[in-house]
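Report on the structure
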Amino acid sequence: MKKIFIITGEHSGDIHAAHVVNEIRAQYPDVQIEGIGGENLKAAGVKLFSNHEKMSAVGVSFKIILDHINLGKRVVEYITKEYKPDLVLCTDYGAFNLNVSKFLKKAGIKIFYYIPPQVWASRKWRINIIKKCIDKVLCIFPFEKPMYEEYGINTHYCGHPLVSQLEPKADREEFFARHGFDKNKKLVSVFPGSRVFELKQLMNIFIKSAKKLQKAHPDLQFCISHAPNLSDEVYSKYIKDTDFKVIKGENQALLSCSDALILASGTVALEACLYQVPMIIAYRGPWLLYLIYLMVRCIKKVSLPNIIADRMIVPEIIQGKVTVQNISYQIEKTLYNNSYREDFIRQLGEVKELLSDKISSKEAANVIVQELCNNS
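In this text the structure is predicted, and so the values were computed from the model without any measurement. (Residues numbered from 1 in each chain as written. Predicted model: local features only at pLDDT ≥ 70, side-chain atom pairs only at ≥ 80, totals over all residues. Heavy atoms only, no water.)

**Looking at the packing of helix α4 (residues 94–106) against helix α5 (residues 126–133)**
Viewed as axis vectors pointing N to C, α4 and α5 meet at an angle of 30 degrees, and their least axial separation amounts to 9 Å. Comparing the axis directions of α4 and α5 gives the class roughly parallel. For the crossing formed where α4 meets α5, the hand is left-handed. Side by side, α4 and α5 meet where L98, S101, K102 and K105 of the first sit next to R126, I129, I130, K132 and C133 of the second. Class assignment of the residues belonging to the contact of α4 with α5 gives a composition of four nonpolar, one polar and four charged. (Axes fitted to C-alpha atoms, helices over the stretch in contact; angles between N-to-C directions. Helix = DSSP H or I, 4+ residues; strand = E, 2+ residues; numbered from the N terminus. Parallel < 35°, antiparallel > 145°, perpendicular 65-115°, else oblique. Left-handed = near helix turned anticlockwise from the far one by under 90°. Contact = heavy atoms within 4.5 Å. Nonpolar A, V, L, I, M, F, W, Y, C, P; charged D, E, K, R; others polar.)

This is the structure in structure tokens:
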């Protein structure tokens, strides 16, 4: 029986890897799969060596680093000396997976990498580790394939998982009625991030911007997206003096029903792009971290739609430029300048087309199954 071991490190990787597992089993049922993951991989029938409890901690502390080192040692020991799989599939979570892959490669284990580290964005030197340790990269952005191949790395473009996994647009009328929105007003939604430090940096300025816009434009209403991993208490101190609605756990429905979006950077920008909803990116962090970021970054764009298109489509308001005036101006332009808005939506559609109609999980599974069959 062929054996696969899958390594994921957080919730999103767990979801994407589970889709790949389901596609593999549909084509090649007689396969044993174990791994590090969460509830999605477990539901897909994967026997978990470890869950994400110690992997998904945010921050840099001695305990977090020690937990990662100890887990890395344990999983390398188990894979190389006991489980001995035909293939290891690393999924996302670059720091942990690249370190583990060094030891697995020395032991002669074949390693594929689905959703590889974004070396094109920062710390490009990691591509040398990938070249040395990874047998095949299963990339999700069209521009990644030629970049990896330039370095002589075996690469297959799978398409982005969101293209096939994103929920259809929600019914706006039903969504508005269910949450008590005024159907005669435009909806601007705010996605301030999913980490406490992001809310500290961004929430107050987002709230002030929304208040200013609402005062100037009575036809606007606002909603705050509540990241499901954060407590209600974290949000309450920011919104206690507002009438803004807060919605938790319906990110994609909220994105698809909005007229404009104020976003912290991240995957949410790509989701908004696929729904073709105009947005702005506004992001700032502690100045020391920002200066370090400037030293290691490889590109000047921060939002995925702009990176994929290789041009500025989505306004990016970064660090010192994050002000009420700048945010308000861009949202007004997005909502009330009709020709600008129409062109914005058209360009978002072009980005959507660039991501192809590939079903990413099926593409990845095809490559993996072919590898298993070739080595039967």
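Read on, since the account is not over.
**What to know about the sheet that holds strand β1 (residues 2–7)**
Pairing is parallel across the open sheet formed by seven strands, whose spatial order is β3-β2-β1-β4-β5-β6-β7. With one partner strand each, in any of the chains shown, β3 (47–50) and β7 (155–157) form the two edges of the open sheet. Across the sheet, the mean angle from the axis of one strand to that of its neighbour is 20 degrees, orientation sign disregarded. Across three bridges, strand β5 (residues 111–114) lies against strand β6 (residues 136–139) in parallel orientation. Opposite Y113, over in β6, you have V137 as the bridge partner. The sheet contacts of helix α1 (residues 11–27) involve β1, β2 (31–36), β4 (87–91) and β5, and relative to β2 the element is tilted by about 175 degrees. Here α4 sits on the sheet in contact with β1, β2, β4 and β5, set at roughly 170 degrees to β5. (Pairing = 2+ DSSP bridges.)

**Looking at helix α16 (residues 338–354)**
Under the 1.5 Å per step criterion, the end-to-end length of α16 is 25 Å for 17 residues, consistent within 8% with the ideal 24 Å. Among all positions of α16, only R341, F344, Q347, L348, G349 and V351 are buried. In this structure, the buried residues of α16 make contact with α12 (267–275), β12 (279–283), α14 (304–309) and α15 (324–336). (Expected span 1.5 Å × (residues − 1). Buried < 20%, exposed > 50% of the residue type's maximum accessible area, 1.4 Å probe, protein only.)

**A closer look at the sheet that holds strand β8 (residues 186–191)**
Judged by pairing direction, the sheet is parallel, and its six strands sit side by side in the order β10-β9-β8-β11-β12-β13 without closing on themselves. With partners counted over all chains shown, the strands left at the sheet margins are β10 (245–248) and β13 (316–318), one partner each. Averaged over all pairs of adjacent strands, the angle between their axes in this sheet comes to 20 degrees, without regard to strand direction. Against the sheet, α15 contacts β8, β9 (220–226), β11 (260–263), β12 and β13, and its axis sits at roughly 155 degrees relative to β11.

**What about the packing of α15 against α16?**
Two elements in contact, α15 and α16, have axes separated by 6 Å at closest approach and are oriented at 85 degrees. Classed by the angle they form, the pair α15 and α16 counts as roughly perpendicular. On α16, the residues touching Q330, K333, T334, L335 and Y336 of α15 are N338, Y340, R341 and F344. Class assignment of the residues belonging to the contact of α15 with α16 gives a composition of four nonpolar, three polar and two charged.

**Quick notes on the pattern of salt bridges**
If you walk through the whole model with that rule in mind, you get 16 salt bridges. A salt bridge links D86 to K2; the shortest N-O distance between them is 3.7 Å. Of this pair, D86 sits in the loop between α3 (62–83) and β4 while K2 sits in strand β1; the two residues are 84 residues apart in sequence, bridging distant segments of the chain. Residue R178 pairs with E174 through a salt bridge whose shortest N-O separation is 2.8 Å. Taken together, the positions of R178 and E174, both in helix α8 (residues 172–179) and four residues apart, correspond to about one turn of that helix. (Salt bridge = Lys/Arg side-chain N within 4 Å of Asp/Glu carboxyl O.)

**A word on the state of the cysteines**
Taken as a whole and assessed by the stated rule, the structure comprises zero disulfides. Sulfur of C133: no disulfide; nearest cysteine sulfur belongs to C90 and is 9.7 Å away. Unpaired in this structure, C139 has its nearest cysteine sulfur neighbour in C158, at a distance of 6.7 Å. (Disulfide = S-S within 2.5 Å.)

By themselves these figures say nothing about function.
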